[in-house]
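Okay, here's what each chain looks like letter by letter:
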Amino acid sequence: MFFEGVIEAMPVFAKELLVGGVAGGVAKTVVAPLERVKILFQKKREEREMGMFFDGVIEAMPVFAKELLAGGVAGGVAKTVVAPLERVKILFQTRREEFQSIGLLGSFKKIAKTEGVMGFYRGNGASVARIVPYAALHYMTYEQYRRWIIVTFPDVGRGPVLDLVAGSFAGGTAVLFTYPLDLVRTKLAYQVVGSSKLNAQMLIKNELVYKGILDCFSKTYKEAGIRGLYRGVAPSLYGIFPYAGLKFYFYEEMKRHVPVEQKKNIMVKLVCGSVAGLLGQTFTYPLDVVRRQMQVQRLSASKSAEMKGTIETLVMIAQKQGWRHLFSGLSINYLKVVPSVAIGFTVYDLMKAYLRVPSRDDVIDVVSNKRTSQSSSLHS
């Protein structure tokens, strides 16, 4: 009776509103599963369209762009993984007695205590900013030099010597384009933030010279111009030519002896890359020490004679600090190089597969056919 009275008292438009609302709610509830299915279909279609879009982008990319991208990703991943070891290695190389005297584990504890976890990544921003374009150029120019040599000099064999020459020139090219970033990375990593017990005046005077990447660039350029940004580049080139060449030489030579069914095995790639980096670094490490000391000379509080050229610096280190110092930090560098080179080569190969980079022989055949057709059209 009560509800009937309420219904009779409701105006017509209110009844229509109520009926419409109930009808809409019931209809929405009934078709809810269908609506859900429709949304899922739309999402899948969007994902499929997005996948087709990326497939189109990848297919449209020229080979050299794919190699640049693959190399950049490989370099960035590898460098970030080994950043803590790189920081300690630089401190070992640049005569930080307080670190050399306490050893590897003591150095890790000291950095963690005085600077925290982020202390292990001091200078890593500049390092990654350098290594991404460096690795991209390094891998891409290696492929380009290799193709150019094969196409220009058809009689040259496709053996390890080819990889040695192409890798050497690729390393030199990459260094020339990215060296200032390496210099900034080293200067930032050389700075050490002390504990609160240290004398604040000495800390400001001797340690906190640069506040960041841009500040380091600016001060270095104002101090010595372009030459200042390329200080130590000579030993870098002397070192990178044999190191980069030997690295590719050993890696490609080892892969040639891997059974066909194991060539795509990630562990096999990691082992080949590790051995290649280990052997290449051993032969060229003294030049790396010389380069680091030349880079941070103006930051050092040492009153030793100024280091001028590569050979002079090499002789000076051997005479005043002993020949053993030319291999200072080599053990920790082994710990860094093994995963770094291994990860770099492995990620590069995986990225090339993901980006559908054709095999080297296929690319060379395409380039050769283009040159042949161009020359024949010119003669006709």
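1. Things to note about the pattern of salt bridges
Scanning all chains against the criterion turns up 10 salt bridges. Between Asp-163 and Arg-146 there is a salt bridge, with its nearest N and O atoms 3.2 Å apart. Pair noted here: Asp-163 is in helix 8 (residues 160-190) and Arg-146 is in helix 7 (residues 124-152), with a separation of 17 residues, a long-range link. The exposure class of Arg-146 is buried, given its relative accessible area of 8%. For Lys-255, the salt bridge is made with Glu-252, and the minimal N-O distance between the two is 3.9 Å. Of the two residues, Lys-255 and Glu-252 both sit in helix 11 (residues 233-256), 3 residues apart, roughly one turn of that helix. An identical accessibility class is assigned to Lys-255 and Glu-252; each is buried. Sharing partners across several salt bridges, the network here consists of Arg-146, Asp-163, Glu-253 and Arg-256.

2. Examining the packing of helix 7 against helix 8
Two quantities define a packed helix pair, namely the angle between the helix axes and the distance between the axes. At a minimum axis distance of 7 Å, the contact between helix 7 and helix 8 shows a crossing angle of 165°. Classed by the angle they form, the pair helix 7 and helix 8 counts as roughly antiparallel. In the crossing of helix 7 with helix 8, the sense of the turn from one axis to the other is right-handed. Class assignment for the residues of the contact of helix 7 with helix 8 results in 20 nonpolar, 7 polar and 5 charged.

3. Structural notes on the nonpolar core
Counting 38 residues, the largest nonpolar core has Tyr-134, Tyr-139, Val-175, Ile-240, Phe-345 and Leu-355 as its most contacted members. Of all the secondary structure elements, the ones that give two or more residues to this core are helix 3 (63-81), helix 7, helix 8, helix 11, helix 12 (266-295) and helix 14 (330-354). Considering each element in turn, this core owes the most residues, 9 residues, to helix 11. By size, the runner-up hydrophobic cluster in this structure holds 6 residues, among which are Leu-85, Ile-111, Phe-120 and Ile-332.

4. Some points on the side chain of Gln-281
Within the secondary structure layout, Gln-281 lies in helix 12. Judged by relative accessible area, Gln-281 falls into the buried class, the value being 8%. Sequence-distant contacts of Gln-281, defined by excluding residues within four places in its chain, comprise Tyr-243, Asn-333 and Val-337.

5. Examining a nonpolar patch on the surface
On the surface, Leu-69, Val-73, Val-77 and Val-81 cluster together into a nonpolar patch covering about 280 Å² of accessible area. Here Val-73 lies in helix 3.

6. A closer look at the confidence of the model for the protein
Within the protein, residue pLDDT values average 77, and 73% of them lie at 70 or more. For the protein, per-element mean pLDDT is lowest for helix 9 (residues 200-206), which scores 42, and highest for helix 3, which scores 91. Note on residues 195-207: pLDDT is under 50 here. Beyond four places in sequence and across chains, it has 9 contacts.

7. As for the packing of helix 3 against helix 7
Taken N-terminus to C-terminus, the directions of helix 3 and helix 7 make an angle of 140°; their axes are 7 Å apart at the nearest point. Relative to helix 7, helix 3 is oriented oblique. As for how helix 3 packs across helix 7, the hand of that crossing is right-handed. Partitioned by chemical class, the residues of the contact of helix 3 with helix 7 number 12 nonpolar, 8 polar and 5 charged.

8. Digging into the packing of aromatic side chains
According to the stated counting rule, one finds 11 aromatic pairs in the structure shown. Centre to centre, the rings of Tyr-139 and Tyr-348 are 4.2 Å apart; their planes meet at 20°, and the pair counts as stacked. Within this pair, whereas Tyr-139 is found in helix 7, its partner Tyr-348 is found in helix 14, the two being separated by 209 residues in sequence. Tyr-348 carries the same exposure label as Tyr-139, and that label is buried.

9. A word on the environment of Arg-360
Mapped onto the fold, Arg-360 is located in helix 15 (residues 360-379). Between the C-alpha atoms of Arg-360 and Arg-146, which are 214 residues apart in sequence, the distance is 9.2 Å. In this structure Arg-360 touches Tyr-142, Glu-143, Arg-146, Glu-252 and Lys-352, once residues within four positions along its chain are discounted.

10. Structural notes on the environment of Ile-131
Here Ile-131 is to be found in helix 7. Between the C-alpha atom of Ile-131 and that of Gly-72, which follows or precedes it by 59 residues, the distance is 7.4 Å. Contact partners of Ile-131, with chain neighbours within four places excluded, come to Gly-75, Gly-76, Lys-79 and Ala-136.

11. Brief notes about the side chain of Lys-66
Mapped onto the fold, Lys-66 is located in helix 3. For the buried residue Lys-66, which engages in no salt bridge, the nearest side chain bearing the opposite charge is Glu-59, 5.1 Å off. Beyond its immediate chain neighbours, meaning those up to four positions away, Lys-66 contacts Ile-58, Met-61, Leu-355, Arg-356 and Val-357.

12. Side note on helix 10 (residues 213-229)
Given a rise of 1.5 Å per residue, 17 residues ought to cover 24 Å, yet the end C-alpha atoms of helix 10 are separated by just 13 Å, more than 12% below that figure. Largest kink in helix 10: about 100°, centred on Glu-223. Here helix 10 has its buried residues at Cys-216, Thr-220, Gly-225, Gly-228 and Leu-229. Buried-residue contacts for helix 10 involve helix 8.

Conventions we followed
- Residues numbered from 1 in each chain as written.
- Predicted model: local features only at pLDDT ≥ 70, side-chain atom pairs only at ≥ 80, totals over all residues.
- Heavy atoms only, no water.
- Salt bridge = Lys/Arg side-chain N within 4 Å of Asp/Glu carboxyl O.
- Helix = DSSP H or I, 4+ residues; strand = E, 2+ residues; numbered from the N terminus.
- Buried < 20%, exposed > 50% of the residue type's maximum accessible area, 1.4 Å probe, protein only.
- Axes fitted to C-alpha atoms, helices over the stretch in contact; angles between N-to-C directions.
- Parallel < 35°, antiparallel > 145°, perpendicular 65-115°, else oblique.
- Left-handed = near helix turned anticlockwise from the far one by under 90°.
- Nonpolar A, V, L, I, M, F, W, Y, C, P; charged D, E, K, R; others polar.
- Core = buried A, V, L, I, M, F, W, Y, C linked by side-chain atoms within 4.5 Å.
- Contact = heavy atoms within 4.5 Å.
- Patch = residues over 30% accessible without salt bridge, like charges linked within 9 Å, V, L, I, M, F, W, Y side chains within 5 Å.
- Areas by Shrake-Rupley, 256 points an atom, 1.4 Å probe, with all protein chains shown as cover.
- pLDDT = per-residue confidence, 0-100.
- Phe/Tyr/Trp six-rings, centres within 6.5 Å; stacked < 30°, edge-to-face > 60°.
- Lys, Arg positive; Asp, Glu negative; His and termini not counted.
- Expected span 1.5 Å × (residues − 1).
- Bend = angle between axes of the 7 residues up to and from the residue.

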